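Given next are the chains, with one letter for each unit.
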Amino acid sequence: MATAVQIRQDKVREDLWRPLLQTRGRYVVALVLAGLAGAWGLAAWGYQIYEGLGVTGKRRPVMWAFYITSFVFWIGISHAGTLISAILRLTHSRWRKPVTRAAEAITVFALMIGGMFPIIHLGRPWVFYWLLPYPNNRLLWPNFRSPLLWDVTAIFTYLTGSVIYLYLPLIPDVAHLAEHTTGWRHALYRALSLHWTSSDREWHALERAMKLMAGIILAVAVSVHTVVAWDFAMSVAPMWHSTIFGPYFVTGAIFSGIAALLVVLAIVRKTMHLEAYLQPVHFDNLAKLLVLMSLLWFYFTTAEYLTTWYGNEPWEMAVLGARVRGGYAPLFWTMVVCNFVIPFVLLGIQRLRTIRTATISAAAVLVGMWLERFLIVVPTLAHPRLPAAWGTYAPTWVEISICGATFAAMALLYLVFSKLFPIIAVWEYEEHVSNGRI
Amino acid sequence: MFLTGEFSQAEATGRAIEALKAKGFGPQALDMFSTEPVELPPGVLDRPSRMSLMAVAGAVVVCLLAVVFVYYTQRSYRLNTGGMPLFSLWATGVIFYEMAVLGAIGATFVMFLWESGMLRKDHAAPRWKGAEGELALEPGRILLRVRCEPEHFAAVGECLYAAGASRVEKVQNKS
């Protein structure tokens, strides 16, 4: 990949504030398109609420399908930011500084979107508050033994932690922006800055809080996807009841998270003209991490499938057969190509590793990981232990619209965020430049 | 009343702090302002912190509250558990773990607000854009503010200039 570009310290603020204060036509077009796609998804959801879950493709025995697949996928994507940012912060990786905020924002938005899916999946979403622990009119408390409630707790904790982890390093930037803007922007930044004065007490407290939060967030991020895996593994269903599901899901989450981060960074770099900040070295390092996670994913997948095949349990073999050589085989082999072959070939060979191939591989991994989640959820439910109860599943336009719209929602949230806040932490980057690390 | 000195280098600021400490001005009387974090040698202007301790305390407290809450609810409406215990740490351990982490997160954030002093509005802090001729925060500048009585202004000012301050200014607390 190409060599690094030198940046003058006084230019950093100018470059990173420019996208906030100037609005281009392309930005408006992207905003409108994402808004329309999101509105279409909302309309489809409204239709589903009005007509009932019968408008989806969910039929006995497949009652978890597109929505739960998307839920697991988006929770996995959320591992892009906070977890990666925390690891890089704790290991003092110097190259992390232009990457972390973009990554942390992905986490918050992906969690918000992922957290919506169990509610969309509910036939009656207006009673979602029954999940909350308060004594309702039937005097019935939530069942704290249920892995589904573990999920609610884990995701709430992760979302709270991620919002704070995103917010803390934003404070110095918004305090600075408050002094250089007027009108509603000034009021917003002033409120968010909490009277930050840039004193050494504040810098010390911020540094300590970020270090502590990085450690805490690692613990919670790993637990979140482990708990999501246990939604499946705690049941005695074929190819779900597996001891490696926790680490397998965490690996897959980090894998898809890095892929999402690469795609977002490539788009941000191109559209905001941040070539001097998001340099080839950032993509190169993330691409290497992606290859590493691809190998780990392949190892876990092989371990899972090989032990199932060797065990030759009839119920497990029915699911495995459906995935590998049955009706789901095209999806399975597409998943293998997307998650292993493409990243391994394009990024494993140094000569082929460029920003473009890293982005292509990352996009392929996103497709592959969505398929992986689908292949975990649906074939097992379609092949219960009683062969007479076997069934099939095909999504309807409602499910496709809602799931597709969540990608638009992600784009919309990101577009709004990048218009309100610098996508690269200005103070961190200035420190980086003044210390001669660029 | 405050006296603020402007520096362009961390080393000079460190020297000024050492000199002021020798004259009896403790860390509580000193505040350093800069657009980016300034690293001083250990011991020069340390700010002791209880953030880690409070994070652990927050985790323990919230975890215990969760245990009590779950224990109570399991008995408040008894589910049919098929002979298994009504309250099981194994089955609810994940909830307690997540609540402990939530407690640690909350305590860390509260301690950040407390230790940074952001909950207490500092009216005398330098602004990014000061009035004409007023000391202001700018990239590459370090402002050292000393809380002192007017009778010490001369001695403190001398200290600041001797350490390498390019300018010293009196600031009135407007609160």
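For clarity, every value in this text was computed on a predicted model and none was experimentally measured. (Residues numbered from 1 in each chain as written. Chains lettered and ligands numbered in written order. Predicted model: local features only at pLDDT ≥ 70, side-chain atom pairs only at ≥ 80, totals over all residues.)

Novice: Sorry, what's going on with the overall build of chain A here?
Specialist: Secondary structure assignment for chain A yields 16 helices and zero strands. Taking 2.2 N^0.38 as the reference for a compact globule, 438 residues should give roughly 22 Å; the C-alpha atoms of chain A span a radius of gyration of 23 Å, in line with that estimate. Here the C-alpha coordinates of chain A stretch approximately 70 × 60 × 40 Å along the principal axes. By residue count, 49% of the 438 residues in chain A fall in the buried class. Considering only intrachain contacts with a sequence separation of at least 6, the fraction spanning at least 24 residues in chain A is 81%. (Helix = DSSP H or I, 4+ residues; strand = E, 2+ residues; numbered from the N terminus. Rg over C-alpha atoms; globule rule 2.2 N^0.38 Å. Buried ≥ 20, exposed ≤ 12 C-beta atoms within 10 Å, placed from the backbone. Contact = placed C-beta atoms within 7 Å.)

Novice: Which parts of the structure should I look at to understand the interface of chain B and chain A?
Specialist: The interface is formed by 46 residues belonging to chain B together with 45 residues belonging to chain A. Counting only elements with at least two residues in the side of chain B that touches chain A, the list comes to β2 (30-34), α2 (51-76) and α3 (89-116) of chain B. Here the side of chain B that touches chain A gets 16 residues from one element, more than from any other, and that element is α3 of chain B.

Novice: It is not clear to me how helix α3 (residues 66-77) of chain A should be interpreted in this structure. Could you clarify?
Specialist: Given 3.6 residues to a turn, an α-helix orients residues that are three or four positions apart in the same direction. Residue and element names in this part refer to chain A. Look at α3: 16 Å from first C-alpha to last across 12 residues, which is about the 16 Å you get at 1.5 Å a residue. Extensive coverage of α3 is indicated by the burial of 12 of its 12 residues. Within α3, the full set of buried residues consists of Phe-66, Tyr-67, Ile-68, Thr-69, Ser-70, Phe-71, Val-72, Phe-73, Trp-74, Ile-75, Gly-76 and Ile-77. Check the buried side of α3 and you find it contacts α5 (100-121), α9 (200-233), α10 (245-271), α14 (355-382) and α15 (397-420). (Expected span 1.5 Å × (residues − 1).)

Novice: I tried to follow the nonpolar core on my own but got confused; where do I start?
Specialist: The tendency in soluble globular proteins is for nonpolar side chains to be buried side by side. Residues Ile-106, Ile-258, Ala-259, Leu-261, Leu-262 and Leu-290 of chain A are the most contacted members of the largest nonpolar core, which totals 162 residues. Looking at which element gives the most residues to this core, the answer is α9 of chain A, with 18 residues. Among all residues touching Ile-258 of chain A, those that are not within four sequence positions of it are Ala-80, Ile-84, Leu-286, Leu-289, Leu-290 and Met-293 of chain A. Formed by 22 residues, the second largest nonpolar core is a distinct cluster that contains Leu-3, Ala-125, Cys-159 and Ala-165 of chain B. (Core = buried A, V, L, I, M, F, W, Y, C linked by C-beta atoms within 7 Å.)

Novice: Just to check I follow, could you spell out the packing of helix α6 (residues 147-167) of chain A against α3 of chain B for this structure?
Specialist: At a minimum axis distance of 9 Å, the contact between α6 of chain A and α3 of chain B shows a crossing angle of 15°. The pairing of α6 of chain A with α3 of chain B is recorded here as roughly parallel in orientation. Remark: the crossing between α6 of chain A and α3 of chain B carries left-handed chirality. Where α6 of chain A approaches α3 of chain B, its residues Trp-150, Thr-153, Ala-154, Thr-157, Thr-160, Gly-161 and Ile-164 of chain A are matched on the opposing element by Val-94, Ile-95, Glu-98, Met-99, Val-101, Leu-102, Ile-105 and Phe-109 of chain B. A breakdown of the residues in the contact of α6 of chain A with α3 of chain B according to their chemical character gives 10 nonpolar, four polar and one charged. (Axes fitted to C-alpha atoms, helices over the stretch in contact; angles between N-to-C directions. Parallel < 35°, antiparallel > 145°, perpendicular 65-115°, else oblique. Left-handed = near helix turned anticlockwise from the far one by under 90°. Nonpolar A, V, L, I, M, F, W, Y, C, P; charged D, E, K, R; others polar.)

Novice: Looking at this structure, how should I read the packing of α9 of chain A against α3 of chain B?
Specialist: The axes of two packed helices give the description: the angle between them and the distance between them. Two numbers describe how α9 of chain A lies on α3 of chain B: the axes approach to 9 Å, and their chain directions differ by 170°. Accordingly, the angle class assigned to the pair α9 of chain A and α3 of chain B is roughly antiparallel. Here the hand of the crossing between α9 of chain A and α3 of chain B comes out left-handed. Across the interface between the two elements, Arg-201, Glu-202, Ala-205, Leu-206, Ala-209, Leu-212, Met-213, Ile-216, Ala-219, Val-220, Ser-223 and Val-227 of chain A of α9 of chain A pack against Val-94, Tyr-97, Glu-98, Val-101, Ala-104, Ile-105, Thr-108, Phe-112, Glu-115 and Ser-116 of chain B of α3 of chain B. Of the residues that constitute the contact of α9 of chain A with α3 of chain B, the class distribution is 15 nonpolar, three polar and four charged.

Novice: Would you take a moment to explain the pairing of strand β1 (residues 2-7) of chain B for this structure?
Specialist: For a regular strand, side chains alternate in direction, first toward one face of the sheet and then toward the other. Residues and elements named next belong to chain B. Most of β1 sits out of view: five of its six residues are buried. By the bridge criterion, five bridges tie β1 to strand β4 (residues 167-171) in an arrangement that is antiparallel. Bridge pairing in β4 links Glu-6 to Arg-167. (Pairing = 2+ DSSP bridges.)

Novice: What am I meant to see in helix α1 (residues 10-22) of chain B here?
Specialist: All names here are of chain B. In this model α1 runs 18 Å from its N-terminal to its C-terminal C-alpha over 13 residues, within 8% of the 18 Å that 1.5 Å per residue would give. Of all the residues in α1, the buried ones are Thr-13, Gly-14, Ala-16, Ile-17 and Leu-20. Seen from one end, α1 has its buried residues packed into an arc of 160°, which puts them on one side. Facing away from the buried surface of α1 by more than 90 degrees, the exposed residues are Glu-11 and Ala-22. In this fold, the buried residues of α1 make contact with β1, β2, β3 (142-147) and α4 (153-163). Gly-24 sits one or two residues past α1 and shows a positive phi near 100°. (Arc of directions from axis to C-beta.)

Read these as geometric descriptors, not functional statements.
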